[in-house]
Amino acid sequence: METLDALILGIVQGLAEYLPISSSGHLEIFREILGLDLNGAKSLQFDVMLHVATVLSTIVILWREFWPLCRSFFTFRRDAEFYYVCKILISCIPIAIVGVCFKDTIETFFGQELTLVGVCLCVTALLLSFSYFTRTLPQTRGIVGTSKPRDITYLDAFVIGCAQAVAVLPGLSRSGTTIATGILIGDKREQVAQFSFLMVIIPILGEALLDIKDMFGVEAVDAAAGAATPEIGMSALITGFLAAFIVGCLACKWMLALVKKGKLVWFALYCLIVGLICILKGANVF
């Protein structure tokens, strides 16, 4: 992989991780555009670096919220921050089940034709549009029919976690799906955005640790078989990491502001257009 390729993929990851346009789907699209054939341990290593970079950007931007949560939870203060972390842990249950039980199945969806990415992007567009127009209904907030936006409950956290578990498909935006779900069930918009960004920290770090373990296993198998894997130099790894981290910091702040203003519908239009292009591309229309 060239350094320029790593820079582009890092920027894509940093933007798409927080904007409701699907980072996994856009990484697949740009690998197709750049003509990259990344397989084996080297590709896995690069993906791990990008995801860890965006997790770090989340922690940096939301540090004022993140540190009190850690302090309260690990000291068992039993205050509002402690119970907030409990809600985050509850939201991680669905994605943990999917990751443990269906990891191999999910991996088969990646590196395939862009048709699936296109369909999932269109679904993302529908979710964002539905959440936008639902908020305009008179005297109603969300599909549960509450009269005004409420704080996130334990049940809400689990429902949003289920949305995150479904969003493992390439093209189905994690942030878009979780934020739209939270808005649809009647939670406060600013709380949903912050919760969406914080709830992903544990799954991504957990996935990173598993991928690092798998990376060494794949590398050993490739070495034993004498298989050649595409080389990713240290400069490419560092470039991709820094690009994802810096752009991720900017995108995280931008997304928090956009959710408060309720302007996610424009991303719905973007996802619809890109999704249709991917579907046509997968059908060999052009």
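What you see is a predicted model, and the numbers here were worked out from it, not measured in a lab. (Residues numbered from 1 in each chain as written. Predicted model: local features only at pLDDT ≥ 70, side-chain atom pairs only at ≥ 80, totals over all residues. Heavy atoms only, no water.)

I tried to follow the overall build of the chain on my own but got confused; where do I start?
Counting its regular elements, the chain contains twelve helices and zero strands. Across the chain, helices and strands are ordered from the amino to the carboxyl terminus as α-α-α-α-α-α-α-α-α-α-α-α. For the chain, contacts bridging at least 24 residues in sequence account for 81% of all contacts bridging at least 6. Only carbon and sulfur atoms are counted for the fraction: they give 69% of the accessible area of the chain, which is about 13900 Å². (Helix = DSSP H or I, 4+ residues; strand = E, 2+ residues; numbered from the N terminus. Contact = heavy atoms within 4.5 Å. Areas by Shrake-Rupley, 256 points an atom, 1.4 Å probe, with all protein chains shown as cover.)

Can you help me understand the packing of aromatic side chains in this one?
Note on aromatic pairs: each is described by the distance of the centres and the angle between the planes. For the coordinates displayed, the defined rule picks out nine aromatic pairs. Summarising the aromatic geometry, the rings of W254 and F267 are spaced 6.3 Å apart at their centres and angled 70° between planes, so their arrangement reads as edge-to-face. Of the two residues, W254 sits in helix α11 (residues 234-261) while F267 sits in helix α12 (residues 265-282), which places them 13 residues apart along the sequence. For F267, a relative accessible area of 12% puts it in the buried group. Feature note: the residues F73, F74, F76, F82 and Y83 constitute an aromatic cluster, connected by ring pairs. The positively charged end of K87 is found above the aromatic ring belonging to Y154, 5.5 Å away from the centroid. (Phe/Tyr/Trp six-rings, centres within 6.5 Å; stacked < 30°, edge-to-face > 60°. Buried < 20%, exposed > 50% of the residue type's maximum accessible area, 1.4 Å probe, protein only. Lys NZ or Arg CZ within 6 Å of the ring centre and 35° of its normal.)

Can you help me understand the pattern of salt bridges in this one?
Where charged atoms of side chains with opposite charge meet at close range, the side chains can pair. A full pass over the atoms with the stated rule returns five salt bridges. Two residues, E28 and R31, come together in a salt bridge whose shortest N-O distance is 3.9 Å. On the criterion of helical spacing, the pair formed by E28 and R31 is a turn pair, its members being three residues apart in helix α2 (residues 23-34). One salt bridge in this structure joins D156 and R150, with 2.8 Å as the shortest N-O distance. On the basis of relative accessible area, D156 is assigned to the buried category, the value being 4%. The exposure class assigned to R150 is partly exposed, which follows from its relative accessible area of 22%. Three or more residues joined by partner-sharing salt bridges are found here, namely R150, D156 and D187. (Salt bridge = Lys/Arg side-chain N within 4 Å of Asp/Glu carboxyl O.)

Hey, could you run me through the confidence of the model for the chain in this one?
Caution is warranted with low-pLDDT regions, since their predicted coordinates should not be read in detail. Per-residue confidence for the chain gives a mean pLDDT of 82, with 83% of residues at or over 70. Across the chain, the element-wise mean pLDDT spans from 64 in helix α10 (residues 201-225) up to 95 in helix α7 (residues 154-166). (pLDDT = per-residue confidence, 0-100.)

I tried to follow the packing of helix α5 (residues 80-107) against α7 on my own but got confused; where do I start?
When two helices pack together, their arrangement is given by the angle between the helix axes and by the axis-to-axis distance. Here α5 crosses α7 at 35°, and the two axes come no closer than 8 Å. Every pair of crossing elements has a handedness; the one defined by α5 and α7 is right-handed. Of the residues in α7, those touching α5 at Y83, C86, K87, I90, S91, I93, P94, I95 and V98 are Y154, A157, F158, G161, C162, Q164 and A165. In terms of residue class, the contact of α5 with α7 is built from twelve nonpolar, three polar and one charged. (Axes fitted to C-alpha atoms, helices over the stretch in contact; angles between N-to-C directions. Left-handed = near helix turned anticlockwise from the far one by under 90°. Nonpolar A, V, L, I, M, F, W, Y, C, P; charged D, E, K, R; others polar.)

I would appreciate a short explanation of the nonpolar core in the present structure.
Generally speaking, soluble globular proteins have nonpolar side chains that are buried together. The biggest cluster of nonpolar side chains holds 54 residues, and the ones touching the most others in it are I88, I179, F195, L198 and M255. The dominant element in this core, judged by the number of residues it contributes, is α5, at eight residues. Beyond its immediate chain neighbours, meaning those up to four positions away, I88 contacts L69, F195, L198, M199 and I202. Counting twelve residues, the second-largest nonpolar core is a separate cluster that includes L27, L36, F46 and A244. (Core = buried A, V, L, I, M, F, W, Y, C linked by side-chain atoms within 4.5 Å.)

Is there a simple way to explain the side chain of S173 in this structure?
Tracing the backbone shows S173 in the loop between α7 and α8 (174-184). A distance of 2.9 Å separates a polar side-chain atom of S173 from the backbone nitrogen of G176. Leave out the neighbours within four places in its chain, and S173 touches L19, P20, I21, S22, T124 and A167. (Polar contact = N/O pair within 3.5 Å; in protein donor to acceptor, adjacent residues only side chain to side chain.)

Mind showing me how you'd approach the packing of α8 against helix α9 (residues 189-199) here?
At a closest axis distance of 9 Å, the pairing of α8 and α9 adopts a crossing angle of 140°. The crossing of α8 and α9 is right-handed. Two secondary-structure elements touch here, α8 through R174, S175, T178, I179, G182 and I183 and α9 through R189, V192, A193, S196, F197 and M199. In terms of residue class, the contact of α8 with α9 is built from six nonpolar, four polar and two charged.

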